[in-house]
Each structure stands twice: as structure tokens, then as C-alpha cells.
Amino acid sequence: MIEAVSCGGIVIYRGKILVLYKNYKNKYEGWVLPKGTVEEGEDYEETAIREVFEEAGVKANIVKYIGKSKYSFNIPGDTVSKDVHWYLMNTDSYNSTPQKEEYFHDSGYYKYYEAYHLLKFPNEKQMLEKAYATYLDMKERHQWRDIS
């Protein structure tokens, strides 16, 4: 078994959530949250910020650690067990540019219920639930601020 670690961001701007549409040769298709593999010398927060920027062209700031999801998948001859560390993030605009080299064909900010139903993977939906609840709580306590 191969152990892998990724980090990602749930980016919220003015109440809407950033999601990306990935399509790899019509085999892998669906809406996802930005995330990616930790590179040598990076800490988890640096990875999350870099991956959001690379995959979506969004400069985001970490607000709070949300939690970890786990999943596994098969590759020829082995199984990969992956931990993904998720961060609630904010940014300063709705602008995003999907990374074509990684097969992202669309991106955008959606209302919570739209983003939730668009997301392909249950573990990402679960992290979105936690992040959005945290966002609402922070907003109610006047601890959240959109960067403008």
C-alpha cells in the first residue's frame, strides 16, 4: 500500500464556494474542490495555498483548519491510501482560471446547496458541510471578513 498526503481548500467569497470541473479523457469526470499533493519542504498550509492557486488561479488565505478526510483507490499493482487535510479559505474576488494541464475545464463560485450537489465525492461534501458551518458561525460572530 502507498501512503499519500494531499491538502486542499474550501474557498468562500461572499458566501459562495469555489469548485472545479475535471474531465480526464471522459473517464474521470466531475466537480471537485481544489487539492493536491504535498511537495518536499512544504508544510500543509503552504500546499493548500499553492494547490488552490495552481488548480484555480485563486490567491486565497487560510482562515481555519477544517479537518482530514481519508480515502483509497487502486492503481495498477497497488492501492493508494490518501489523507487530505482541508482548510477554510477566503479570497478577494470571484475570478478563477481552471488549470487546463490538470484537466480542469471549468471553475466557479456557487451557493452552498449548488456546490454541495455538484461535488462528486462524499468525503468532499462532508468537508464542505464542516467548512460552511464554520463559515456561518464565524460570520454570525463577526469573525469572518471577505477580503476586498
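Residues numbered from 1 in each chain as written. Predicted model: local features only at pLDDT ≥ 70, side-chain atom pairs only at ≥ 80, totals over all residues. Heavy atoms only, no water.

A. Representation of the nonpolar core within the structure. By size, the foremost hydrophobic cluster in this structure holds 20 residues, and its most contacted members are Ile-10, Ile-12, Ile-17, Val-19, Leu-33, Trp-86 and Leu-88. Secondary structure elements with two or more residues in this core: strand E1 (2–13), strand E2 (16–24), strand E6 (78–90) and helix H3 (122–140). Examining the composition of this core, we find that six residues originate from one element, H3, more than from any other. With residues near it in sequence (within four places) discarded, Ile-12 still touches Ile-17, Leu-88, Met-89, Asn-90, Thr-91, Tyr-132, Tyr-135, Trp-144 and Asp-146. (Core = buried A, V, L, I, M, F, W, Y, C linked by side-chain atoms within 4.5 Å. Buried < 20%, exposed > 50% of the residue type's maximum accessible area, 1.4 Å probe, protein only. Helix = DSSP H or I, 4+ residues; strand = E, 2+ residues; numbered from the N terminus. Contact = heavy atoms within 4.5 Å.)

B. Here's a closer look at the side chain of Lys-35. Turning to its location among the elements, Lys-35 is positioned in strand E4 (residues 35–37). Among the polar contacts listed, one links the side chain of Lys-35 to the side chain of Glu-124, at a separation of 2.8 Å. Once residues within four sequence positions are removed from consideration, Lys-35 is found in contact with Cys-7, Gly-8, Glu-51, Glu-55, Tyr-71, Val-84, Trp-86 and Glu-124. (Polar contact = N/O pair within 3.5 Å; in protein donor to acceptor, adjacent residues only side chain to side chain.)

C. Local environment of the pattern of salt bridges. Per the counting criterion, the structure on display carries eight salt bridges. Of the charged contacts, one joins Lys-35 and Glu-124 as a salt bridge, the two residues approaching to 2.8 Å between their closest N and O atoms. Of the two residues, Lys-35 is situated in strand E4 and Glu-124 in helix H3; the sequence distance between them amounts to 89 residues. Here Lys-35 matches Glu-124 in class, with each residue buried. Ionic pairing is found between Lys-70 and Asp-83, a salt bridge with its closest N-O pair at 2.7 Å. Of this pair, Lys-70 sits in strand E5 (residues 61–75) while Asp-83 sits in strand E6, and the two are 13 residues apart along the sequence. Shared partners join several salt bridges into a network, and the residues in it are Glu-39, Glu-42, Arg-50, Glu-51 and Glu-54. (Salt bridge = Lys/Arg side-chain N within 4 Å of Asp/Glu carboxyl O.)

D. Structural context of the packing of aromatic side chains. A full pass over the atoms with the stated rule returns 11 aromatic pairs. Arranged with centres 5.2 Å apart and planes meeting at 65°, the rings of Tyr-65 and Tyr-87 form a pair that is edge-to-face. Remark: Tyr-87 occurs in strand E6 and Tyr-65 occurs in strand E5; sequence separation between them is 22 residues. You can call Tyr-65 partly exposed: its relative accessible area is 39%. Members of the aromatic cluster, connected to one another through ring pairs, are Tyr-112, Tyr-116, Tyr-132, Tyr-135 and Trp-144. (Phe/Tyr/Trp six-rings, centres within 6.5 Å; stacked < 30°, edge-to-face > 60°.)

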